[in-house]
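In case you want the letters, here they are:
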Amino acid sequence: MGIKRNAESLLARLKPISVALDRLQCKGGKIADTVEEFKILEQEFINLKLPYDVMQKFKKREKQAFKPFHLLANILHPKHQGRRLSASETAIAMEWAEKQAEKLPMLMPTIIKYRGRCGPFSKYMFTDSVLNETTAIEWWKSLSGQMDSNVQDLVMRLMTATSSTASLERLFSTYGFVQSEVRNRLGNEKTAKLVYLFRVLNNA
């Protein structure tokens, strides 16, 4: 009975982790999504009433994984908006953003307007119908011409930063499939086009 109980306990811990990893790798998860998944995992572990030492190890790993810009990416993601972050984590992200003021003087004012849903950030942009049908990249691109271009460039870099190398590994795998030993005379340009077609057709 003891072995069975231990196995069930281990499965209960591993299942939410595997689900989170699957979501991030299948959808090409970004760093903002990674923060969100960590927070969801943390709540699930709390619900499972895991031992204190396990939770402490999880929190330690979380602190090692996240830098201030990860937290800021989660705040600036229109679907996440940093809702799951603690007050201290939000403060860390804001302090990092404030340090960028010398190069990006409009960054902090833009963040304040975004969080206050004013200025170019109209309330309709935060409705479920909009957020469910647009990606974070599309959402921020729609504000081109309405906000500082340098700030938008930083935000776009935060929104497009991937959380793992899974998508890159899949791309190399596709290249290996297209440019095999049989098709080793394909030029780089033609190979790239075939890989692009392969990815588009498989994602359709």
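The present account deals with the structure reproduced in this document. (Residues numbered from 1 in each chain as written. Predicted model: local features only at pLDDT ≥ 70, side-chain atom pairs only at ≥ 80, totals over all residues. Heavy atoms only, no water.)

Attention shifts here to the nonpolar core. By size, the foremost hydrophobic cluster in this structure holds 39 residues, and its most contacted members are Leu72, Leu76, Tyr114, Trp139, Trp140, Leu158 and Met159. Going through the elements one at a time, helix H2 (31-47), helix H3 (52-65), helix H4 (68-76), helix H5 (87-99), helix H6 (107-116), helix H8 (136-141) and helix H9 (149-160) are the ones with two or more residues in this core. Setting aside anything within four residues of it in sequence, one finds Trp140 in contact with Leu76, Pro78, Tyr114, Phe121, Met147, Gln152, Val155, Met156 and Met159. (Core = buried A, V, L, I, M, F, W, Y, C linked by side-chain atoms within 4.5 Å. Buried < 20%, exposed > 50% of the residue type's maximum accessible area, 1.4 Å probe, protein only. Helix = DSSP H or I, 4+ residues; strand = E, 2+ residues; numbered from the N terminus. Contact = heavy atoms within 4.5 Å.)

This paragraph deals with the pattern of salt bridges. This model, assessed by the stated rule, comprises eight salt bridges. The salt bridge partner of Arg84 is Glu36, with a shortest N-O separation of 2.8 Å. Here the residue Arg84 occupies a position in the loop between H4 and H5, and Glu36 occupies one in helix H2, the gap between them amounting to 48 residues. Of the residues examined, Arg84 reaches a relative accessible area of 42% and is grouped as partly exposed. For Glu62, the salt bridge identified is with Lys59, shortest N-O distance 3.0 Å. Here Glu62 pairs with Lys59, and both are found in helix H3, just three residues apart, close to one helical turn. By relative accessible area, Glu62 is classed as buried at 3%. Taking relative accessible area as the criterion, Lys59 reaches 25% and is therefore assigned partly exposed. (Salt bridge = Lys/Arg side-chain N within 4 Å of Asp/Glu carboxyl O.)

Moving on, we get to the packing of H2 against H3. Remark: H2 packs on H3, axes separated minimally by 11 Å, with the N-to-C direction vectors making an angle of 175 degrees. By the angle between their directions, the pair H2 and H3 is classed as roughly antiparallel. For the pair formed by H2 and H3, the contact residues are Phe38, Lys39, Leu41, Glu42, Phe45 and Ile46 on the first element and Met55, Phe58, Lys59, Glu62 and Ala65 on the second. Of the residues in the contact of H2 with H3, the class split is seven nonpolar, no polar and four charged. (Axes fitted to C-alpha atoms, helices over the stretch in contact; angles between N-to-C directions. Parallel < 35°, antiparallel > 145°, perpendicular 65-115°, else oblique. Nonpolar A, V, L, I, M, F, W, Y, C, P; charged D, E, K, R; others polar.)

Attention now moves to the packing of aromatic side chains. Using the criterion set out here, one finds 12 aromatic pairs in the structure. Taking the centre distance of 4.9 Å and the plane angle of 75 degrees together, the rings of Phe38 and Phe66 count as edge-to-face. Pair noted here: Phe38 is in helix H2 and Phe66 is in the loop between H3 and H4, with a separation of 28 residues, a long-range link. Grouping residues by exposure puts Phe38 and Phe66 together as buried. With a centroid separation of 6.1 Å and 15 degrees between ring planes, the pair formed by Phe121 and Trp139 is classed as stacked. Placement of the pair is Phe121 in the loop between H6 and helix H7 (128-131) and Trp139 in helix H8, with a sequence separation of 18 residues. This pair shows no difference in class: Phe121 is buried, exactly as Trp139 is. Among the aromatic side chains, those forming a connected cluster through ring pairs are Tyr114, Phe121, Phe126, Trp139 and Trp140. Lying over the aromatic face of Phe126, Arg117 brings its terminal NZ or CZ to 4.4 Å of the ring centre. (Phe/Tyr/Trp six-rings, centres within 6.5 Å; stacked < 30°, edge-to-face > 60°. Lys NZ or Arg CZ within 6 Å of the ring centre and 35° of its normal.)

We now examine H3. The end-to-end C-alpha distance of H3, which contains 14 residues, comes to 20 Å, matching closely the 20 Å that a straight helix rising 1.5 Å per residue would cover. Taken together, the buried positions of H3 are Met55, Phe58 and Glu62. Down the axis of H3, the buried side of the element spans an arc of 60 degrees, and every buried residue falls inside it. Those residues of H3 that are exposed and aimed more than 90 degrees away from the buried face are Lys57, Lys60 and Lys63. Turning to H3, the residues buried within the fold contact H2 and H5. (Expected span 1.5 Å × (residues − 1). Arc of directions from axis to C-beta.)

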